[in-house]
Amino acid sequence: MQRGHGPRGGQRLHDGGVKAQPDAPRPGHPARVLGDDDRAAPARLLDVSAAEGITWTVPALRDWLREQRGAEISADWLWELLRR
């Protein structure tokens, strides 16, 4: 047995590579994927806000999505989506 790999862990890595290693459990609930309507709602909000001279920060928009749409998304990921 190899040190630090647990029982058969080293052999599994040798035989099947990284994909053969068991995946660690993830804390928290599974991520909810934004649907088409969830993606369109912020776009409409930003268009209306821009016409009225209002600007949004990414964290404020993330909070709006959580409160109004029930969508949990990180500010970093929202920033990436907005840049697309």
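Further remarks concern the packing of helix H3 (residues 58–69) against helix H4 (residues 75–83). Running from N to C, H3 and H4 cross one another at 100 degrees; their axes reach a closest spacing of 9 Å. Classed by the angle they form, the pair H3 and H4 counts as roughly perpendicular. Mapping the contact onto sequence places Val 58, Leu 61, Arg 62 and Leu 65 in H3 and Ala 75, Leu 78, Trp 79 and Leu 82 in H4. Split into classes, the residues belonging to the contact of H3 with H4 amount to 7 nonpolar, no polar and 1 charged.

If you walk through the whole model with that rule in mind, you get 4 salt bridges. Salt-bridge contacts for Asp 63 lead to Arg 66; the nearest nitrogen and oxygen are separated by 3.3 Å. One end of the pair is Asp 63 and the other is Arg 66, both in helix H3 and 3 residues apart, which spans about a single turn. Exposure remark for Arg 66: the relative accessible area of 35% places this residue in the partly exposed category.

Quick look at the confidence of the model for the protein now. In this model, the protein carries an average pLDDT of 75, and 60% of its residues clear a pLDDT of 70 or more. When mean pLDDT is compared element by element in the protein, H3 scores highest at 88, while helix H1 (residues 9–16) scores lowest at 64.

Relative to the assigned elements, Pro 59 resides in helix H3. Given the relative accessible area of 38%, Pro 59 is considered partly exposed.

Within the largest apolar cluster, 10 residues are counted, these being Ala 41, Leu 45, Val 58, Leu 61, Trp 64, Leu 65, Ile 73, Ala 75, Leu 78 and Leu 81. Residue assignment for this core shows that the elements contributing at least two residues are helix H2 (36–51), H3 and H4. Looking at which element gives the most residues to this core, the answer is H3, with 4 residues. Among residues more than four places away in sequence, those in contact with Trp 64 are Ala 41, Pro 42, Leu 45, Trp 56 and Arg 69.

Take the side chain of Ser 49 next. Looking at the secondary structure, you find Ser 49 in helix H2. The residues contacting Ser 49, other than those within four sequence positions of it, are Ile 54 and Trp 56.

Moving on, we come to H3. Helical geometry: 3.6 residues make up each α-helical turn, so side chains three or four residues apart lie on a common side. The end-to-end C-alpha separation of H3 is 15 Å, in line with the 16 Å expected for 12 residues at 1.5 Å each. Within H3 the residues assigned to the buried category are Val 58, Leu 61, Trp 64 and Leu 65. The buried residues of H3 all sit within an arc of 115 degrees when viewed along its axis, so they share a single face. Of the residues that open H3, the one with a side-chain oxygen 3.1 Å from the backbone nitrogen of Ala 60 is Thr 57. One or two positions beyond H3, positive phi appears at Gly 70, with a value near 70 degrees.

Cut-offs used in this document
Residues numbered from 1 in each chain as written. Predicted model: local features only at pLDDT ≥ 70, side-chain atom pairs only at ≥ 80, totals over all residues. Heavy atoms only, no water. Axes fitted to C-alpha atoms, helices over the stretch in contact; angles between N-to-C directions. Helix = DSSP H or I, 4+ residues; strand = E, 2+ residues; numbered from the N terminus. Parallel < 35°, antiparallel > 145°, perpendicular 65-115°, else oblique. Contact = heavy atoms within 4.5 Å. Nonpolar A, V, L, I, M, F, W, Y, C, P; charged D, E, K, R; others polar. Salt bridge = Lys/Arg side-chain N within 4 Å of Asp/Glu carboxyl O. Buried < 20%, exposed > 50% of the residue type's maximum accessible area, 1.4 Å probe, protein only. pLDDT = per-residue confidence, 0-100. Core = buried A, V, L, I, M, F, W, Y, C linked by side-chain atoms within 4.5 Å. Expected span 1.5 Å × (residues − 1). Arc of directions from axis to C-beta. Polar contact = N/O pair within 3.5 Å; in protein donor to acceptor, adjacent residues only side chain to side chain.

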